[in-house]
Amino acid sequence: MDVEISDGNTAIRSVLIVEDEALLALVIEDIVRDLGADSVQIFCEAAPALDAAANSDFDCAILDVVLPDGESTPVADILAQRGIPFLFSTGSGRDSVPERHRHRPIITKPFPDGDLQALLLEAMTSRDGAPRQAAE
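If you're wondering where the values come from, they're calculated on a predicted model, not measured in any experiment.

The rules we used
Residues numbered from 1 in each chain as written. Predicted model: local features only at pLDDT ≥ 70, side-chain atom pairs only at ≥ 80, totals over all residues. Heavy atoms only, no water. Axes fitted to C-alpha atoms, helices over the stretch in contact; angles between N-to-C directions. Helix = DSSP H or I, 4+ residues; strand = E, 2+ residues; numbered from the N terminus. Parallel < 35°, antiparallel > 145°, perpendicular 65-115°, else oblique. Left-handed = near helix turned anticlockwise from the far one by under 90°. Contact = heavy atoms within 4.5 Å. Nonpolar A, V, L, I, M, F, W, Y, C, P; charged D, E, K, R; others polar. Buried < 20%, exposed > 50% of the residue type's maximum accessible area, 1.4 Å probe, protein only. Pairing = 2+ DSSP bridges.

Enquirer: Break down the packing of helix H1 (residues 22–34) against helix H4 (residues 113–125) for me, citing the residues and quoting the values.
Expert: Helix-helix packing: each pair is described by the crossing angle between the helix axes and the interaxial distance. For the pair H1 and H4, the least separation of the axes is 10 Å and the interaxial angle reads 55°. Regarding the angle of H1 to H4, the classification is oblique. At the point where H1 passes H4, the crossing takes the right-handed sense. Mapping the contact onto sequence places Val27, Ile28, Ile31, Val32 and Asp34 in H1 and Asp113, Leu116, Gln117 and Leu120 in H4. Across the contact of H1 with H4, the residue classes tally to six nonpolar, one polar and two charged.

Enquirer: Outline the pairing of strand E1 (residues 14–18), supporting the account with residue identities and numerical values.
Expert: Among the five residues in E1, five count as buried, and that is most of the element. Both faces of E1 are covered, namely the face carrying Ser14, Leu16 and Val18 and the face carrying Val15 and Ile17. Inspection of the sheet shows E1 paired to strand E2 (residues 39–43) by five bridges, in the parallel sense. Residue pairing in the sheet places Ile17 in a bridge with Ile42 of E2. Relative to strand E3 (residues 60–64), E1 runs parallel, the two being bridged by four bridges. By the bridge assignment for E3, Leu16 is matched with Ala61.

Below, the structure is given as structure tokens:
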């Protein structure tokens, strides 16, 4: 199942998830699969996610900010360069996101499934990185 968004041309098929909490990563995977994703790659650390971000095709990504081996900022930088939409997921609030990425969608943990779905779909339809209202 692909979810067709308002312009009729955008579908979520492949998603990168960078999340160090295993249970939350599985919940996020279920959410994106409900949106139609059939290819989901999950990483719990930034270092291996860097290679995937640079070399794999994704429709979008969800990045936890703080990871065991540092932050997801280098992954975000690569995704931004490649024009792949993404959002941040954090338990620390907007200030934990580097200034250069604060215009990106940010969702604060814990979050309802529906809020993540809505923000992800919004990120997909607004690929220009313009400021958007994020769930808090």
